[in-house]
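The residues making up each chain are set out below.
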Amino acid sequence: MTLDHPTPYYLYDTGLLQRTLAAIRAEVADHDNYHVHYAIKANANPRILREIAAAGLGADCVSGGEIEAALNSGFAAATIAFAGVGKADWEIRRALEAGIGMFNVESIEELEAINDCATSLKLRARVSLRINPNVGAHTHDHIATGRAEDKFGIDMEDMVPVIRSIQAMPAVEFTGLHFHIGSQLLVMDDFAALCRRINELQEQLDREGIFAPNINVGGGLGIDYDTPDAHPVPNFAAYFSTFKQGLRLRPGQHLHFELGRSVVAQMGTLVARVLYVKHGKQKQFVILDAGFTDLIRPAFYGAHHAIENLTAAEEQRTQTETYDVVGPICESSDVFQKDVLLRETRRGDLIAIRSAGAYGEAMASTYNCRPLPAAYFASSSC
Ligand SMILES: *Cc1c(COP(=O)(O)O)cnc(C)c1O
C-alpha cells in the first residue's frame with residue numbers, strides 16, 4: 001500500500017483507524033459513565049481528528065491551538081478536557097469562552113489565574129485537579145510523568161487543602177481528580193497501581209466529605225513497535241478491564257480516559273526513499289530522504305520503529321544486509337535505527353517506517369528549511 005507521490009510522506013490507514021475506534025467503543029459500550037477523550041497532541045491531522053470526533057470520542061487538549069483544532073474538527077466543547085502545566089491567559093480565556101468540559105489544573109497558581117479570568121468574564125470554570133500519584137511508570141524516562149520528581153500535577157498531601165481553596169473561589173467549581181502517569185505503558189501493573197492509589201485518595205475524600213464527580217485516569221496505553229502486524233489494534237480489553245476491576249467508583253461518578261498513542265500509532269507509516277547506500281569502512285548506511293524533521297521519536301527518545309524495504313519486498317530480493325538507517329539532516333542524532341537487517345537495499349527503494357501515526361507528523365519541524373511531510377490516506381480492510 002504505497003502511493004506514487006513525492007517522498008517523504010505519511011500514509012494513514014483509515015480502515016485500521018476505524019477498527020481501532022470500534023475496539024475502543026466495544027470496551028466502553030456498556031458503561032454510560034465512561035468517557036474516552038482522544039489526546040490531540042498525538043496526531044492533529046484534521047482528517048484524523050474528524051474521523052475520531054465522528055466516532056464519538058471527546059478531546060484532550062494541551063493548548064489553545066489544540067482547542068481550536070478540536071472545535072474545528074467537530075468535537076463538542078463539552079467533551080474537551082484542557083490539560084498542561086503552563087496555560088497562558090489567552091488560552092484560559094479561549095477555553096472559558098468556548099465552554100469546554102473541564103480544566104485539568106496542575107497548581108494553585110494556575111487555579112488563581114483561572115478564577116481571575118472566569119470572574120472577569122462572568123463565567124464559571126469547571127476544574128479537576130491533576131494529582132501526582134507518585135506511581136513509577138515502566139517506560140522511557142522522558143515519558144514518565146507521574147513520579148514525585150516529575151513536573152506535573154499537585155502533590156497528594158496538598159489535594160485536600162487545594163480542594164478547600166477551590167471551594168472558596170467564587171468562579172471555580174471542583175469537578176474531580178485527574179491523573180496521567182506516562183506513555184507507552186505495556187505493563188498493566190502500572191495502571192493497577194494507579195487504581196490502588198486512586199482508591200486510597202477517594203477514601204481520604206470520603207473522610208473529608210468531598211465528592212469528586214469525575215475521575216480521569218489519563219492515557220498512556222502502549223503499542224507494539226517491534227511487530228506492528230502482530231498487534232495492529234492495541235489490547236484495549238486488558239487496559240479497560242484493569243480499571244473496571246481495580247477502581248472503586250462512587251455512585252454517580254464518571255470515569256474518563258485520555259488515549260493518544262494507542263488510537264493512532266499503528267495507522268501511520270512514514271514512507272521515504274533511499275537517496276544513497278553508502279559503504280563506509282565499518283558500516284553500510286542507508287541514507288533516506290526523511291529525517292528527524294519528519295519523525296523525531298528515534299532521535300528524541302531513542303525510540304524504535306520497525307523498518308521495511310517495500311521495493312525489495314515487492315521484487316522479492318532474498319539477500320539481507322545490515323545497515324544503519326539514517327536521515328539527511330546535519331546532526332549526528334539523525335539516525336532512525338542502527339544495525340537494521342533489511343533486504344538488500346538500493347538507491348531509489350521505498351522504505352516504510354512503521355507505527356508512526358502518533359507523535360510523528362505532530363512533531364515534525366522545518367529545521368534545515370525542510371518542507372513539512374505530506375499526508376495521504378488509504379484504507380486497508382481486515
Ligand atoms: C500526552 C497525554 C495523554 C496521551 O498520552 P498517550 O500516551 O499518547 O496515550 C493523555 N493525557 C495527558 C494529560 C497527556 O499529557
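Note that this is a predicted model, so its numbers are computed, not measured. (Residues numbered from 1 in each chain as written. Predicted model: local features only at pLDDT ≥ 70, side-chain atom pairs only at ≥ 80, totals over all residues. Heavy atoms only, no water.)

Trainee: Any chance you could break down the site of the ligand for me, citing the residues and the numbers?
Mentor: Inspection of the region around the ligand gives 14 residues, with Lys 41, Ser 183, Glu 258, Arg 261 and Tyr 359 positioned closest. In the environment of the ligand, a nitrogen atom lies 3.3 Å from a nitrogen or oxygen atom belonging to the side chain of Asp 60. Between the ligand and the protein, one listed contact pairs an oxygen atom with a side-chain N or O atom of Ser 183 at 2.3 Å. Here the ligand, which alone exposes 390 Å², has 94% of that area covered by the protein. Here the shell around the ligand is built from residues that sort into three nonpolar, six polar and five charged. (Near = heavy atom within 4 Å. Polar contact = N/O pair within 3.5 Å; in protein donor to acceptor, adjacent residues only side chain to side chain. Areas by Shrake-Rupley, 256 points an atom, 1.4 Å probe, with all protein chains shown as cover. Nonpolar A, V, L, I, M, F, W, Y, C, P; charged D, E, K, R; others polar.)

Trainee: Break down the nonpolar core for me, citing the residues and quoting the values.
Mentor: Counting 97 residues, the largest nonpolar core has Ile 52, Phe 103, Leu 129, Leu 177, Val 217, Phe 243 and Val 264 as the members making the most contacts within it. Looking at this core, the element that brings in the most residues is helix α7 (residues 188–208), giving six residues. A domain split of this core shows at least three residues from each of domain 1 (31–259) and domain 2 (266–378). When neighbours within four sequence positions are excluded, Phe 103 is seen to be in contact with Phe 82, Lys 87, Ile 92, Ala 95, Leu 96, Ile 114, Ala 125, Arg 126, Val 127 and Ser 128. (Core = buried A, V, L, I, M, F, W, Y, C linked by side-chain atoms within 4.5 Å. Buried < 20%, exposed > 50% of the residue type's maximum accessible area, 1.4 Å probe, protein only. Helix = DSSP H or I, 4+ residues; strand = E, 2+ residues; numbered from the N terminus. Domains from an automatic or database assignment. Contact = heavy atoms within 4.5 Å.)

Trainee: Quick rundown of helix α8 (residues 236–246)? Include the residues and the values.
Mentor: Within the sequence span of α8, burial applies to Phe 236, Tyr 239, Phe 240, Thr 242 and Phe 243. The arc that holds every buried residue of α8, seen down its axis, measures 145 degrees, which confines them to one face. The elements touched by buried residues of α8 are α1 (14–28), β2 (34–39), α7, β10 (254–259) and α9 (261–264). (Arc of directions from axis to C-beta.)

Trainee: Describe the packing of α7 against α8, and please don't skip the residues or the numbers.
Mentor: A pair of packed helices is characterised by two quantities: the angle between their axes and the separation of those axes. Taken N-terminus to C-terminus, the directions of α7 and α8 make an angle of 25 degrees; their axes are 9 Å apart at the nearest point. By the criterion of interaxial angle, the relationship of α7 to α8 is roughly parallel. Seen from above, α7 lies across α8 with right-handed handedness. Residues Met 188, Phe 191, Ala 192, Leu 194, Cys 195 and Asn 199 of α7 pack against Ala 238, Tyr 239, Thr 242, Phe 243 and Gly 246 of α8. For the contact of α7 with α8, a count of residues per class yields eight nonpolar, three polar and no charged. (Axes fitted to C-alpha atoms, helices over the stretch in contact; angles between N-to-C directions. Parallel < 35°, antiparallel > 145°, perpendicular 65-115°, else oblique. Left-handed = near helix turned anticlockwise from the far one by under 90°.)

Trainee: Just give me the short version of the packing of helix α4 (residues 89–98) against helix α5 (residues 108–121), but keep the residues and values in it.
Mentor: One can describe the packing of α4 onto α5 by two numbers: an axis separation of 10 Å at closest approach and a directional angle of 50 degrees. Judged on the interaxial angle alone, α5 and α4 are oblique. Crossing angle aside, the handedness with which α4 passes α5 is right-handed. On the side of α4, the interface is formed by Ile 92, Arg 93, Leu 96 and Glu 97, while α5 contributes Ala 113, Ile 114, Cys 117, Ala 118 and Leu 121.

Trainee: Account for unusual backbone geometry, with residues named and values stated.
Mentor: Backbone torsion omega between Thr 7 and Pro 8 reads -5 degrees, so that peptide bond is classified as cis. Its place among the elements puts Pro 8 in the segment before β1 (9–13). Here Asp 339, not a glycine, exhibits a phi torsion of approximately 50 degrees, which is positive. A positive phi angle is found at Cys 369, which is not glycine, with a value near 55 degrees. One can find Cys 369 in the loop between β16 (350–353) and β17 (374–378).

Trainee: Tell me what's going on with the pattern of salt bridges, and back it up with residues and numbers.
Mentor: Following the criterion strictly, the structure yields 20 salt bridges and no others. We note a salt bridge from Arg 94 to Glu 68, for which the minimum N-O separation is 2.9 Å. Linking Arg 94 in helix α4 with Glu 68 in helix α3 (residues 64–72), this pair joins segments that are 26 residues apart in sequence. Judged by its relative accessible area of 25%, Arg 94 falls in the partly exposed class. Taking the shortest distance from any N to any O, the salt bridge between Glu 173 and Arg 124 comes out at 3.8 Å. Of this pair, Glu 173 sits in strand β8 (residues 172–178) while Arg 124 is found in the loop between α5 and β6 (125–132), placing the two residues 49 residues apart along the sequence. Judged by relative accessible area, which is 29%, Glu 173 ranks as partly exposed. Salt bridges linked by common partners bring Glu 315, Arg 317, Glu 344, Arg 346 and Asp 349 together as one network. (Salt bridge = Lys/Arg side-chain N within 4 Å of Asp/Glu carboxyl O.)

Trainee: Can you explain the environment of Asn 199? Please cite residues and give values.
Mentor: Summarising the element assignment, Asn 199 is placed in helix α7. Taking the C-alpha atoms as reference points, Asn 199 and Pro 133, separated by 66 residues in sequence, lie 11 Å from one another. Those residues in contact with Asn 199, other than ones at most four positions away along the chain, are Gly 246, Leu 247 and Arg 248. A polar atom in the side chain of Asn 199 sits 2.9 Å from the backbone nitrogen of Arg 248.

Trainee: An account of the packing of aromatic side chains is needed here, citing residue identities and associated values.
Mentor: What the rule picks out here adds up to 15 aromatic pairs. Aromatic pair Phe 82 and Phe 103: ring centres 5.9 Å apart, planes at 40 degrees, arrangement tilted. Placement of the pair is Phe 82 in strand β4 (residues 80–82) and Phe 103 in strand β5 (residues 102–105), with a sequence separation of 21 residues. The same class applies to Phe 82 and to Phe 103, which are both buried. A connected cluster of aromatic rings, assembled from ring pairs, spans Tyr 34, Phe 191, Phe 236, Tyr 239, Phe 240, Phe 243 and Phe 257. The ring centre of Phe 377 lies 4.4 Å from the NZ or CZ of Arg 47, which sits over that ring. Note that Lys 87 overlies the ring of Phe 82, its terminal NZ or CZ placed 5.3 Å from the centroid. (Phe/Tyr/Trp six-rings, centres within 6.5 Å; stacked < 30°, edge-to-face > 60°. Lys NZ or Arg CZ within 6 Å of the ring centre and 35° of its normal.)

Any functional reading would require information that these geometric values do not contain.
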